[in-house]
Amino acid sequence: MVSWIISRLVVLLFGTLYPAYSSYKAVKTKNVKEYVKWMMYWIVFAFFTTAETLTDIILSWFPFYFELKIAFVIWLLSPYTKGSSVLYRKFVHPTLSSKEKEIDEYIAQARDKSYETMMRVGKRGLNIAANAAVTAATKGQGVLSEKLRSFSMQDLTLIQDDDPVHVQSPEPRLRSASSGLVETIVDQGRNLMN
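Conventions we followed
Along each chain, residues carry numbers from 1 onward, in the same order as the chain's sequence is written. A pLDDT threshold of at least 70 governs which residues receive local features in this predicted model, and a stricter bar of 80 or more applies before side-chain atom pairs are shown or counted, although totals over entire chains, interfaces and linings include all residues. Derived side-chain values reflect all non-hydrogen atoms in the structure, with water molecules and hydrogen atoms excluded from consideration. Note on definitions: angles span 0 to 180 degrees between N-to-C directions of axes, and those axes are lines fitted to C-alpha atoms, for helices only across the stretch in contact. Here a helix means four or more residues in a row that DSSP labels H or I, a strand means two or more in a row labelled E, and each is numbered from the N terminus. Under this scheme an angle from 65 to 115 degrees is roughly perpendicular, one under 35 degrees roughly parallel, and one over 145 degrees roughly antiparallel; angles in between are oblique. Crossing handedness follows the turn of the near helix against the far one: under a right angle anticlockwise gives a left-handed crossing, and clockwise gives a right-handed one. UniProt positions are given in the numbering used here, feature names are shortened, and annotations may be inferred rather than shown by experiment. Definition used in this section: a nonpolar core is a set of buried Ala, Val, Leu, Ile, Met, Phe, Trp, Tyr and Cys residues joined via side-chain atoms within 4.5 Å. Only protein chains enter the area calculation, which uses a 1.4 Å probe; residues under 20% of their type maximum are buried, those over 50% are exposed, and those in between are partly exposed. We call two residues in contact whenever any of their non-hydrogen atoms come within 4.5 Å of each other. Here, patches come from residues exposed beyond 30% relative accessible area and free of salt bridges, joined within 9 Å for like charges and within 5 Å for nonpolar side chains (Val, Leu, Ile, Met, Phe, Trp, Tyr). The method behind every accessible area is Shrake-Rupley, applied with a 1.4 Å probe, and residues are considered shielded solely by the protein chains displayed. Criterion for a salt bridge: a side-chain nitrogen of Lys or Arg within 4 Å of a carboxyl oxygen of Asp or Glu. Charged-residue counts in this description rest on Lys and Arg as positive and Asp and Glu as negative, His and the chain ends being excluded. Where a charge sits is defined by one atom per residue type, namely NZ (Lys), CZ (Arg), CG (Asp) or CD (Glu). Only Phe, Tyr and Trp rings take part, Trp by its six-membered ring, and two of them pair if their centres are within 6.5 Å. Stacked means planes under 30 degrees apart, edge-to-face means over 60, and tilted covers everything else.

Turning our eyes to something else, we now look at the packing of helix H1 (residues 4-29) against helix H2 (residues 32-59). Packing of H1 against H2 leaves a shortest axis separation of 10 Å and a crossing angle of 160 degrees. In terms of orientation, H1 and H2 fall into the roughly antiparallel class. H1 and H2 meet at a crossing whose hand is left-handed.

Written out as structure tokens, the structure is:
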């Protein structure tokens, strides 16, 4: 029995890499017949990959499931069986042709709804960010004012007396004016305390 890892490697190698290189060659040579062949393959392979996601969950316990998957991918690719062309012409094309208008409408609705949803989510995100910024600024201001309130007037006079960080002004008038302002504030604080 083949394991999941070996099956996955074979599907990636033969189901994806080889067709991708062959598609590159078709684009490079501008061969319309090859274009059509590989476009049919990729459409069928997209449906296979979608179905594979579900069948791996539901049917992976089935004996020879992974071997059947490998055989199916090789059948799709084989130039002798032309599996992807057969599936495309018999099933995919007729189904998509009959449901094309419905699919187009659904895609247009989904595009419109996704745009509206993104706008709504974007506006909500901006509102949340703005509220967070205002809240942070308000809390920050509250913390600063609480910190300043925690100092007593006596603590403020000690700061002035110790004066470890003293900004010196090049002009003597400004220095004396600023020290006079501090003394006025301290005097007013002492008057309030008394």
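When the UniProt feature table is mapped onto this chain, "transmembrane region" (unreviewed entry) is found at residues 38-62. Across residues 38-62 one finds 88% helix and 0% strand; the C-alpha atoms that close the span lie 31 Å apart.

Next up on the list: the nonpolar core. One finds Tyr-41 and Val-44 to be the most contacted residues of the largest nonpolar core, which totals 14 residues. Of all the elements in the fold, those that place two or more residues in this core are H1, H2, helix H3 (65-77) and helix H4 (83-150). With six residues, the single largest contributor to this core is H2. Not counting chain neighbours up to four residues away, the residues in contact with Tyr-41 comprise Phe-14, Gly-15, Pro-19, Leu-76, Leu-77 and Ser-84.

This part covers a negative patch on the surface. Negative charge collects at one region of the surface, where Glu-100, Glu-102, Asp-104 and Glu-105 lie side by side. Counting through the fold element by element, Glu-105 comes out in helix H4.

Here we come to the packing of aromatic side chains. Taken as a whole and assessed by the stated rule, the structure comprises eleven aromatic pairs. Their ring planes at 75 degrees and their centres at 5.5 Å tell us that Trp-38 and Tyr-41 sit as a pair that is edge-to-face. Here the residue Trp-38 and the residue Tyr-41 both occupy positions in helix H2, the gap between them amounting to three residues, near one helical turn. Here Trp-38 matches Tyr-41 in class, with each residue buried. Arranged with centres 5.4 Å apart and planes meeting at 35 degrees, the rings of Phe-48 and Phe-72 form a pair that is tilted. Of this pair, Phe-48 sits in helix H2 while Phe-72 sits in helix H3, and the two are 24 residues apart along the sequence.

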